[in-house]
Amino acid sequence: MKMKKEVLDQIKVQIGRVKKAGGFYAERLKDIDVDSIETQADFEKLPFSEKDDLREAYPLGLAAVPQEDIVRIHSSSGTTGLPCIIPYTKKDVEDWAELFKRCYEIAGITKDDVIHITPGYGLWTAGIGFQLGAEKLGAMAVPMGPGNTDKQIKFMEDMGSTVLCATSSYALLLAEEIEKRGVKDKIHLKKGVIGSERWGPKMRARIANELGVELYDIYGLTEVYGPGIAINCEYETGMHYFDDYLYFEIIDPKTGENLPDGELGELVITTLQKEGAPLIRYRTHDLTRIIPDDVPCPCGRTLPRIDVILGRTDDMVKVKGVNIFPGQVEDVLKDIEHASSEYQIFIDHENGRDKITLFVETPLKDEQEIKALEKEIKDKIKSVINVGMIPKAVEIGDLPRSEKKSTRVFDYRY
Ligand code: ZN
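Residues numbered from 1 in each chain as written. Predicted model: local features only at pLDDT ≥ 70, side-chain atom pairs only at ≥ 80, totals over all residues. Heavy atoms only, no water.

Observations regarding the side chain of Glu 223
- Relative to the helices and strands, Glu 223 resides in the loop between strand 7 (214–221) and strand 8 (224–232).
- Here Glu 223 occupies a buried position and makes no salt bridge, while the nearest side chain of opposite charge, Lys 51, is found at 4.1 Å.
- A distance of 2.6 Å separates the side chain of Glu 223 from the side chain of Tyr 282, its partner in a polar contact. (Helix = DSSP H or I, 4+ residues; strand = E, 2+ residues; numbered from the N terminus. Buried < 20%, exposed > 50% of the residue type's maximum accessible area, 1.4 Å probe, protein only. Lys, Arg positive; Asp, Glu negative; His and termini not counted. Salt bridge = Lys/Arg side-chain N within 4 Å of Asp/Glu carboxyl O. Polar contact = N/O pair within 3.5 Å; in protein donor to acceptor, adjacent residues only side chain to side chain.)

Structure (structure tokens):
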């Protein structure tokens, strides 16, 4: 995508600010003279940054403003070592609310809606972002946070919630519980705003059908405000994002080279207006592509689009010499009748060879039918992904559901 002149100017201002502030980016960009960045190509030569770098700036090394201008911090979950702390100024918090409000509007949500928020509140950005946007829009927020299914369903009934905000796995869990309790006629949900993680069309269809709602994928990450920086409209042509606040690039995750629009790669984000912790060429490790704009979205918005997140670049595993990506498995399963959207991939090393076991949930009970299903999965995986897997059908509900993000691949080889 061609970078607009004003975007390059905004980025240069940001780079000037982070260099002046000292801290992580001043160090990373110390050999770069801002005035020497004159073209998109110059910009694309700047070094990347990523989560591990930000972690090293712990606690407040990312701040590009004096501490008295910081009104809040958030922190993204680190599985190991130090968390990554993101400082926000008043303007950052207001901008985030604005972005989130726009997302709700793109999803057709209005001030008359009751927004039921199940993502967690606290140091991470999930719940509070959904809340900020709801309040800015003027809708009624029901700040549930995760867990306590009984209370979730009671509040949905009694508050008349019309919008459910959740991860896909939690939305599925709630859909199953509502079905099980036979209270569907007391639930007034019309739309689901689902935090973007990899979830295939099949899971989407299940949640949409069981809850009777329209679904919207919302994208974001704590390092870049939080959720609320991109969302699909009703035409589902990818997620619109806000190019007055953010500059998106797609790179080859292996070589770091910029890829043309339409090609699948890693999303890299540069913030254009963030004050507390601006980011320059931040590698998200999220796999997507920029949707070419030769076919405009029928909704009439001229905002650029990225595809739904197809997974994490880190999830790519090499097995038997083949790069496998959970999304590919999901795409195969979606065309197989009786295979549910829930699956897990176990990779092991036995007798000097890699072995891949694919657990898939199915409603089938008959042993012969289950055998036939397993064979169908095995053959399709082989023909589409060109790798041998051993499918094992299990009952619906056997694979663990989580309130956070589902893990699909378990690699026990190392
Ligand atoms: Zn659209």
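As for the coordination of the zinc ion
- For the zinc ion, the protein coordination sphere consists of Cys 233 (SG), His 240 (NE2), Cys 297 (SG) and Cys 299 (SG), at 2.1 to 2.3 Å.
- Coordination at the zinc ion is tetrahedral: its four donor atoms span angles of 103 to 116 degrees at the metal.
- Counting gaps between the donor residues of the zinc ion yields the pattern C-x6-H-x56-C-x1-C. Taken together, the residues span a long stretch of sequence, with His 240 in strand 9 (residues 239–241) and Cys 299 in the loop between strand 12 (282–288) and strand 13 (305–306) at a distance of 59 residues.
- Assessed through its relative accessible area of 0%, His 240 is described here as buried.
- Of the residues examined, Cys 299 reaches a relative accessible area of 23% and is grouped as partly exposed. (Donors = N, O, S within 2.8 Å, 3.2 Å for Na, K, Ca; no water. Tetrahedral: all angles 85-135°; square planar, octahedral: opposite > 155°, others 65-115°.)

Structural notes on the packing of helix 8 (residues 168–181) against helix 9 (residues 201–211)
- Two elements in contact, helix 8 and helix 9, have axes whose closest approach is 9 Å; the angle formed by their N-to-C orientations is 40 degrees. In terms of axis orientation, helix 8 runs oblique to helix 9. For helix 8 against helix 9, the interelement crossing comes out left-handed. Facing Ser 168, Ser 169, Ala 171, Leu 172, Ala 175, Glu 176 and Ile 178 of helix 8, the residues of helix 9 in contact are Met 203, Arg 206, Ile 207, Glu 210 and Leu 211.
- A class-by-class count of the residues in the contact of helix 8 with helix 9 yields seven nonpolar, two polar and three charged. (Axes fitted to C-alpha atoms, helices over the stretch in contact; angles between N-to-C directions. Parallel < 35°, antiparallel > 145°, perpendicular 65-115°, else oblique. Left-handed = near helix turned anticlockwise from the far one by under 90°. Contact = heavy atoms within 4.5 Å. Nonpolar A, V, L, I, M, F, W, Y, C, P; charged D, E, K, R; others polar.)

Comments concerning helix 6 (residues 126–137)
- The end-to-end C-alpha separation of helix 6 is 17 Å, in line with the 16 Å expected for 12 residues at 1.5 Å each.
- Most of helix 6 sits out of view: nine of its 12 residues are buried.
- Every buried residue of helix 6 is listed here: Ala 126, Gly 127, Gly 129, Phe 130, Gln 131, Leu 132, Gly 133, Ala 134 and Leu 137.
- Directly beyond the C-terminal end of helix 6, a positive phi value near 95 degrees is found at Gly 138. (Expected span 1.5 Å × (residues − 1).)

Remarks on empty space enclosed by the protein
- In the structure shown here, the tally under the stated rule is three cavities of 30 Å³ or more.
- Approximately 50 Å³ is the volume found for the largest cavity.
- Of all elements in the fold, only helix 1 (5–21) and helix 2 (23–28) reach the threshold of two or more residues within the lining of the largest cavity.
- Looking at the lining of the largest cavity element by element, the count peaks at three residues for helix 2.
- Class assignment of the residues belonging to the lining of the largest cavity gives a composition of eight nonpolar, three polar and no charged. (1 Å grid on protein atoms, 1.4 Å probe; cavity = no way out; pocket = protein on both sides within 12 Å on 5 of 7 lines; lining within 4 Å. Points joined across faces, edges and corners; volume = space filled by probe spheres on them.)

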